[in-house]
Amino acid sequence: MNQQIHINFPNAVSLTIKREDLIHPFVSGNKFRKLKYNLLQAKAENKETLLTFGGAFSNHIAAVAYAGKEQGFKTIGIIRGDELFDKIEENPTLKFAQENGMQFEFVSREAYRLKSETSFLEKLKDKFGDFYLVPEGGTNELAVKGCEEILTDEDADFNYVCCAVGTGGTISGLINSALPNQKILGFPALKGDFLTDEIRIFAKKDNWNLISDYHFGGYGKVNLELIEFINSFFEETKVPLDPIYTGKMVFGVIDLISKNYFPADSKILLIHTGGLQGISGMNIKLRQKKLPILKTND
């Protein structure tokens, strides 16, 4: 569902947000897109178990747990941080995933870095048996195929399509399905230049650019300015944003509009990739830091 944002922008720039977060109550946004064809493939291979990776407040972990339960799979989550094994009840994401049947394996951050190594995966197979591997963040060729379905015929008039970037799967799908008149802008949630190479693995066009000025210090980092922006945006539009991905992207786009980055009369489409389940965990941290909490529809 596309929702026009009624804010007076300079140069007659218009802003519309595609509410991918409304696709499914628990497997929302790009997680739904990324899992769609992977789950079909897992069934085609007669797999009974999904195994994947993620951090303490991972949208991906929550989505795989629920989607697996819904589709009849056992699910295993390899969680970064062995100190979390006795903190499940304190963590909204892990608690939700466990309640939906996910079995956890907590590993140290050092061990977690080996998640793509064949020897590490073989040890997991020895322990858990046969499984269908879903990469961290869900990005692979089948995930990109699903993300290519985000843009539809009703989006043909937009000049710019903007999205947050984590592992690069979502923006790759948008790049591949964009029309010749459309420019794809990605707003990385992480620091570093490695994402360009990751995206080029899957993207088939050169109609895109990464804007790396709005990560707010890196993955999972927030400050008072961002929190106040997200809450103000929600009050004005009734659209909730998550602070890890979409909030930073929307902040960046509106800041660029104010700096006349976009030509006059530009029509901009923002992709809301979901991730709202992470707000509960972030609000725990914000309370600990005595900062304002993020407002939601709840």
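So, here is what we can say about the structure in this document. Every value quoted in this text rests on a predicted model; they were computed, and no experiment measured them. (Residues numbered from 1 in each chain as written. Predicted model: local features only at pLDDT ≥ 70, side-chain atom pairs only at ≥ 80, totals over all residues. Heavy atoms only, no water.)

### Details of helix 11 (residues 278–288)
Put simply, the rule is: Exposure classes here rest on a 1.4 Å probe applied to the protein chains alone. A residue is buried below 20% of its type maximum, exposed above 50%, and partly exposed in between. Helix and strand assignments come from DSSP, with helices taken as H or I runs of at least 4 residues and strands as E runs of at least 2, each series counted from the N terminus. The criterion used for residue contact is that any of the two residues' heavy atoms lie within 4.5 Å.
Taken together, the buried positions of helix 11 are occupied by Gly278, Ile279, Gly281, Met282, Asn283 and Leu286. At its buried positions, helix 11 is contacted by helix 2 (59–71), helix 3 (92–99) and helix 9 (224–237). Among the residues trailing helix 11, lysine 290 stands out with phi positive, at a value near 60°.

### Digging into the sheet that holds strand 7 (residues 160–165)
So the rule is basically this: When DSSP finds two or more bridges between two strands, those strands count as paired. To obtain each axis, a line is fitted to C-alpha atoms, and for helices this fit is confined to the stretch in contact; angles are then taken between N-to-C directions over 0 to 180 degrees.
Pairing in this open sheet of six strands is mixed, and the strands run 1-2-10-7-8-9 from one edge to the other. At either margin of the open sheet sits one strand with a lone partner, and together these are strand 1 (2–5) and strand 9 (208–210). Direction aside, the axes of adjacent strands within the sheet are offset by 25° on average. Set on the sheet, helix 8 (residues 195–202) makes contact with strand 7, strand 8 (183–188) and strand 9; between it and strand 9 the angle comes to about 155°.

### Focus on the nonpolar core
What counts is decided by this rule: In these notes, a set of buried Ala, Val, Leu, Ile, Met, Phe, Trp, Tyr and Cys residues joined through side-chain atoms within 4.5 Å is what counts as a nonpolar core.
By size, the foremost hydrophobic cluster in this structure holds 37 residues, and its most contacted members are Leu15, Phe187, Val253, Phe262, Ile268 and Leu270. Secondary-structure elements contributing two or more residues to this core are strand 2 (14–18), strand 7, strand 8, helix 9, helix 10 (246–258), strand 10 (267–271) and helix 11. With seven residues, helix 10 is the largest single contributor of residues to this core. Once residues within four sequence positions are removed from consideration, phenylalanine 262 is found in contact with Asn11, Val13, Tyr160, Leu185, Val253, Leu256, Ile257 and Ile268. Core analysis: the next-biggest nonpolar cluster, separate from the first, contains 22 residues, Leu35, Leu50, Leu84 and Tyr132 among them.

### Here's the deal with the packing of aromatic side chains
This is how it is decided: When the centres of two rings from Phe, Tyr and Trp lie within 6.5 Å, Trp using its six-membered ring, the rings pair. Their planes under 30 degrees apart give stacked, over 60 give edge-to-face, and anything left gives tilted. Note on criteria: charge over ring means Lys NZ or Arg CZ within 6 Å of the ring centre, with the direction from the centre no more than 35 degrees off the ring normal.
Counting across every chain of the model gives 13 aromatic pairs. For the pair phenylalanine 216 and phenylalanine 251, a centre-to-centre distance of 5.0 Å together with 80° between the ring planes defines the contact as edge-to-face. Of this pair, phenylalanine 216 sits in the loop between strand 9 and helix 9 while phenylalanine 251 sits in helix 10; the two residues are 35 residues apart in sequence, bridging distant segments of the chain. Take phenylalanine 216: its relative accessible area is 18%, and that puts it in the buried class. Linked through ring pairs, Phe187, Tyr214, Phe216, Phe229, Phe233 and Phe251 together constitute an aromatic cluster. One residue, arginine 80, lies across the ring of tyrosine 112, its end atom 5.3 Å from the ring centre. Lying over the aromatic face of tyrosine 37, lysine 145 brings its terminal NZ or CZ to 4.3 Å of the ring centre.

### Looking at the sheet that holds strand 4 (residues 74–80)
Overall, parallel pairing links the four strands, which are arranged 5-4-3-6 in an open sheet. What marks the edges here is a single partner per strand, and that holds for strand 5 (102–107) and strand 6 (132–133). As paired strands, strand 3 (residues 49–54) and strand 6 are joined by two bridges and run parallel to one another. Bridged to leucine 50 within strand 6 is tyrosine 132. Where helix 3 meets the sheet, it contacts strand 4 and strand 5, and its direction lies at approximately 135° from that of strand 5. Strands in contact with helix 5 (residues 118–128) are strand 3, strand 4, strand 5 and strand 6; relative to strand 3, the strand with the most contacts, it is inclined by about 135°.

### Here we look at a positive patch on the surface
Quick note on the threshold: Patches draw on residues past 30% relative accessible area with no salt bridge. Two like charges within 9 Å are joined, as are two nonpolar side chains (Val, Leu, Ile, Met, Phe, Trp, Tyr) within 5 Å. Residue-level accessible areas treat just the shown protein chains as cover; the underlying method is Shrake-Rupley with a 1.4 Å probe. Only one rule defines a salt bridge in this text: a Lys or Arg side-chain nitrogen within 4 Å of an Asp or Glu carboxyl oxygen. In this tally, Asp and Glu contribute negative charge and Lys and Arg positive charge; neither His nor the terminal groups of the chain are included. For the purpose of locating charges, the reference atoms are NZ of Lys, CZ of Arg, CG of Asp and CD of Glu.
A cluster of like positive charges, contributed by Lys191, Lys221, Lys285 and Lys289, occupies part of the molecular surface. Relative to the helices and strands, lysine 289 is located in the segment after helix 11. Given the relative accessible area of 59%, lysine 289 is considered exposed.

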